[in-house]
Amino acid sequence: MAESAVSFLLDRLLVLSQEEVKLLRGVRREVEYIRDELQSIRGFLRDADAREESEELVKVWVMQVRDVAYEIEDVLDDFTLRLATPHQRRGFVGSLYKTAHFVKHLKLRRGIANKIQDIKARVDDISERRKRYDLQCHREQGSNSNSTWLDLRGNALLIEEAELVGIDKPREKLIGWLVKGELRLEVVSVYGMGGLGKTTLVKKVYDHDKVREYFKHHAWVTVSQSTVSQSFKIKELLKDMIKQLFGEIEQPVPQGLDTMKDEELKKTVKEFLVQKRYVVIFDDMWSIQAWEAVKYALPDSNLGSRIMITTRSADIAFSCKETYGHVYNLEPLDAQESWNLFCKKTFGGNDCPPQLEELSHRMLRRCEGLPLAIVAIGGVLSTKDRTTIEWEMVHRSLGSDFENNDKLNRVMKILSLSYHDLPYYLKPCFLYLSFFPEDYLIKCKRLMKLWMAEGFVKERQKMTLEEVAESYLHELINRSLIQIAERGDEGRVQRCRVHDFMHDMILSNSRNENFGAIADEHNTKLHEGVRRLSIYNSVENVPQSQNFSHLRSLSMFGVHTLSNSSMHTFFSGFRLLKVLDLKGAPLEMLPNEFVNLFHLRYLSLRRTRIKRLPNSIGKLQNLVTLDLKFTPVSELPSEILKLQRLQYLAVYNCSSQLVKSSFYLNFEGFKVQVGIGGLVNLQKLCHVEVNQGNNIIKELGRLTQLRRLGILKLRREDGMDLCSSIEKMSNLRSLSVASTNNEEEVLDLQFPSSPPMRLQRLYMWGRLEKLPCWIPSLDNLAKIVLTSSRLIDDPLESLQDLPNLAEIRLSLAYDGEALYFKSGGFKSLKFLLLQRLDRLRLVRVEDGAMPHLQTLEIWECDKLEKVPLGIERLTNLKILRFIVMSCEFRETLLPDNEGGDYLKVAHVPNISIWIYCLTKIFSGFLLAMQAPEGVRFERCAFGDASKRNRESVPFKGEALPCWNPGWFVVAAGGPDGGSGLATGCCEGLLEVEGCSTDAVGGLVELRECSRKSGEGYGPLALERA
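Residues numbered from 1 in each chain as written. Predicted model: local features only at pLDDT ≥ 70, side-chain atom pairs only at ≥ 80, totals over all residues. Heavy atoms only, no water.

J.: I would appreciate a short explanation of the sheet that holds strand 7 (residues 483-487) in the present structure.
T.: To summarise the sheet geometry, strands pair through backbone hydrogen bonds and adopt either a parallel or an antiparallel arrangement. Spatially, three strands are ordered 6-8-7 in an open sheet, and the strand pairing comes out antiparallel. Each edge of the open sheet carries a strand with a single partner, namely strand 6 (442-443) and strand 7. Strand direction decides the pairing type here: strand 7 and strand 8 (residues 493-497), joined by four bridges, are antiparallel. Paired with isoleucine 484 across the bridge in strand 8 is cysteine 496. (Pairing = 2+ DSSP bridges. Helix = DSSP H or I, 4+ residues; strand = E, 2+ residues; numbered from the N terminus.)

J.: What's the story with the sheet that holds strand 1 (residues 186-191) in this structure? I'm lost.
T.: What the five strands build is an open sheet, ordered 2-3-4-1-5; its pairing is parallel. In the strand order of this sheet, the two ends are held by strand 2 (217-222) and strand 5 (325-329), each with one partner. For this sheet the average axis-to-axis angle between neighbouring strands, irrespective of direction, equals 10°. Pairing geometry for strand 1 and strand 5, over five bridges, is parallel. (Axes fitted to C-alpha atoms, helices over the stretch in contact; angles between N-to-C directions.)

J.: Would you mind showing me how to read the pattern of salt bridges here?
T.: Working definition: two side chains of opposite charge can pair if their charged atoms are close together. By the definition in use, this model includes 46 salt bridges. Its salt-bridge partner being arginine 362, residue glutamate 358 comes within 3.8 Å of it at the nearest N-O pair. Placement of both glutamate 358 and arginine 362 in helix 15 (residues 357-367) is noted, with a separation of four residues, approximately one turn of the helix. On the basis of relative accessibility, which here comes to 17%, the residue arginine 362 falls in the buried class. Where glutamate 807 meets arginine 809, a salt bridge forms, and the shortest distance between an N and an O atom there is 2.6 Å. (Salt bridge = Lys/Arg side-chain N within 4 Å of Asp/Glu carboxyl O. Buried < 20%, exposed > 50% of the residue type's maximum accessible area, 1.4 Å probe, protein only.)

J.: Is there a simple way to explain the packing of helix 15 against helix 22 (residues 500-512) in this structure?
T.: The axes of two packed helices give the description: the angle between them and the distance between them. With their axes 6 Å apart at the nearest point, helix 15 and helix 22 run at an angle of 70° to one another. Taken together, helix 15 and helix 22 sit at an angle that is classed as roughly perpendicular. In contact with Arg365, Arg366 and Cys367 of helix 15, helix 22 contributes Asp500, Phe501 and Asp504. In the contact of helix 15 with helix 22, the residues fall into two nonpolar, no polar and four charged. (Parallel < 35°, antiparallel > 145°, perpendicular 65-115°, else oblique. Contact = heavy atoms within 4.5 Å. Nonpolar A, V, L, I, M, F, W, Y, C, P; charged D, E, K, R; others polar.)

J.: Help me out: how do you make sense of a negative patch on the surface in this one?
T.: Taken together, the side chains of Glu865, Glu888, Glu891 and Asp896 present a region of like negative charge at the surface. In this structure, glutamate 865 sits in the loop between strand 27 (855-859) and strand 28 (879-883). Judged by relative accessible area, glutamate 865 falls into the partly exposed class, the value being 46%. (Patch = residues over 30% accessible without salt bridge, like charges linked within 9 Å, V, L, I, M, F, W, Y side chains within 5 Å. Areas by Shrake-Rupley, 256 points an atom, 1.4 Å probe, with all protein chains shown as cover. Lys, Arg positive; Asp, Glu negative; His and termini not counted. Charge placed at Lys NZ, Arg CZ, Asp CG, Glu CD.)

J.: I tried to follow the packing of aromatic side chains on my own but got confused; where do I start?
T.: Two descriptors summarise a pair of aromatic rings, namely the distance from one centre to the other and the angle between the planes of the rings. By the definition in use, this model includes 26 aromatic pairs. Judged by centre distance (5.9 Å) and plane angle (85°), the ring pair of tyrosine 424 and tyrosine 425 falls under edge-to-face. In textbook terms, an aromatic cluster arises when at least three aromatic residues are bridged by ring pairs, as seen for Trp339, Phe342, Phe347 and Trp391. Above the plane of the ring of tyrosine 214 lies arginine 277, whose end atom (NZ or CZ) is 4.1 Å from the centre. (Phe/Tyr/Trp six-rings, centres within 6.5 Å; stacked < 30°, edge-to-face > 60°. Lys NZ or Arg CZ within 6 Å of the ring centre and 35° of its normal.)

J.: When you look at helix 22 in this model, what are you seeing that I'm missing?
T.: For an α-helix, the turn length of 3.6 residues means that residues three or four places apart are oriented alike. Taking 1.5 Å as the rise per residue, helix 22 with 13 residues should run 18 Å; its terminal C-alpha atoms sit 18 Å apart, in good agreement. Among the 13 residues that make up helix 22, ten are buried, leaving the element largely enclosed by the rest of the structure. Inspection of helix 22 places Asp500, Phe501, Met502, His503, Asp504, Met505, Ile506, Ser508, Asn509 and Ser510 among the buried residues, and these make up the whole buried set. A positive backbone phi angle near 50° is found at asparagine 514, which sits one or two residues after helix 22. (Expected span 1.5 Å × (residues − 1).)

J.: Would you mind showing me how to read the environment of histidine 474 here?
T.: Residue placement: histidine 474 occurs in helix 21 (residues 465-478). Along the backbone, histidine 474 and aspartate 315 are 159 residues apart, and their C-alpha atoms lie at a distance of 9.9 Å.

J.: I tried to follow the side chain of serine 434 on my own but got confused; where do I start?
T.: Take serine 434: it is sitting in the loop between helix 19 (427-431) and strand 6. Contacts of serine 434, omitting those with residues within four sequence positions, involve His503, Ile506, Leu507, Ser510, Ile518 and Tyr536.

Below, the structure written as structure tokens:
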């Protein structure tokens, strides 16, 4: 991380702003000297970072380098703040202000000169120590940590098959790929996060009789994370391969092997393997360069030879496969496999004592199917007395005990290898995930904006910062460090998370490297110079005397009480803050001190109780992101127009309303000030109410950098002006337009010349006389939502040929009686929703239509009596939902209904039906799901409405009565998002939890309770028996 701190500082020193150049006048030569020294030091930091775990002196040196980089950053930020230009004044008073400002500059420059001289002396001392510690720019020998890793990898090769769990299916698939298929040379790549057992699995494949007999020559080469120069490493790999190949046939290795150059070694391997059937394993491949260096030594003699690679990186896996071959993504163990392995390691294969089952399941859930973690925890527990008190102590100490327990520390070291392998620009991005609570589902857009606000994302040619940030995210995902939690139907990753054990590793590194800290009931003592802080549950966990003068980022999670005094105490100490994320905090007004946050770039007040912003908001000159989603704010002060760096402005609220059996969302935006067109750097603007006239719509045409625009309360007569403004937004990717609340108000959106051709997402709320003629020309369109359009003509005609359209949502959008999906249409469609199409009687799917459709939802189409004709042709359909349909429609799905539709949907693995009902227990929705063969309910928890005790009550395997005994209720909810059901959490049970106000429909869903905190439960309705 020291490398990252120094690299980011050097980037800044190379592009100092004009104000900073003036500030450094007089000490510029010293600053340049420090910069040059740090550039020299940076070359040694990767070596030092690898050695600091095993060498205390090196660890101290790395810490000193990091602290110096932080201090220089603090000095620059602090003096920039002090020199912030005051408001201009005229006349005699103005001259007095200028004089005072000049004197202030002199004092500040003297101050910075003294600090720079001190830092220069410290940098000299650090350079001298580097020479004494003999740190190398290019290492010629491996570090102790890497030796430990190789020892652990050797252990994985020796595991007996009887000790393994869940290996049969992946082993058989991999063996098939090796011994069957084409005769040409093929590469089989196996990838997944560290600790999944890739090496163990592939070793069992490699040693299998079928593989040993099919191939005449075999070699296993362990690549691992290179701790030596690339050329030296490749030579050693090739020598190892040659020794194995010659040793297998009991022949001596060629003379002069140890002195051969790279090309001679490759030639030796190639000449040996030519016209032979061979299998070579490259275990733990860390770079594409290593593969490129060895692949040309492996000949293709068209005899069925195979190469197998294990890696943590999806990019490497697919790059090595090239044109021919296979890629296998090794997944974590499922629940039953995890339990079997846990019992095997903890109880020697015996049953778990009943009194320890609950604790065992709780600890096992933390492992999330990671064999390495399960084995480690099982090993720890196997040495403990089998009492609940002893095991409860282990459970409580799991997060903190990693560094003190040898078995758990081994897990940490293996996971840390992936972190140490990261390039410098990704390390802070990865460590930033430590600030989110364990199991938290992180919105990717939020995460990327936080990275940008911190300055972690660097510009690249022909890419926006957001695009660069997204590439960082994908790189972390491909390295198996971040898990995808939710992906949109367009394919974009929407939410992500990290494995529990990975989260512990990140927390440890973040704390040790003074990157940031967590304040909760278990951690109330903070580093004096804490730079980033995340508060869980209560601000009382933060010491009142804490110094926040170095703090760059503050976020809160689950904080339910927030006093004015605590806020004043906090804000008075924030001088250098860049990120303030108060999402969900019970905040009603901003303290006066917040206007002093000169460096603030990211301000999120989402879901707070803030009703208005103070006029002093205009002082936040560096603000880039202002998030006021789901707040009562309806108007912004005119001072907002002073924020010339603002790029993301989101202000809207949303509430749900029940009409008959349907939930509707009421959006309220904000009234924009005249002059909004002056914020020319805006990239996101949502949602502007434009029914107040005053040329606001025409002003929007000046915002040519906009990528997302949300418009509310558009009048018909303003449609042409809006289209004229949008035509100038060549970068627009997302457009949302809603008419006034008058149901008869028509959206008139006909562009006079050309629409925004880069548009990817289009949302339209309001009556349409006809579908705009420009929509069929949007080749990049991936998602379209039409609500209350009341179209007479079938909209599918205009949409069917769009090449990238992946998601369609039609709600009250069509007044016709039939929808036809024609052959060859909607080739990319993955998600289709049909809701409240009141006159719809028939849906027909022709052969070849929607070939990739995965999810089909039909809501409240009362006249529709049968499933879509031709639905059996949708062979890729995975999810089928029918919500509040007629009784006649439901009857067609009964298995015993002769002539019904049951067999037509039998190929769909996930079918669910929501029913609107009224019972003595509650009124609301029931979700009914047919249990597939071999699936049963493991646990079910519903609350009794009469108790109102906020506790979940287990049904002990019984389901609520439903319209058909063959189906089971798996979720329920009322009009107010849980009315009539007590929601809460019993550990280990399933609970009914109400959706947030921004969730479509306000329905509720059944979730697994694995924590007592309020967020991040993973959905689970059924478990395989």
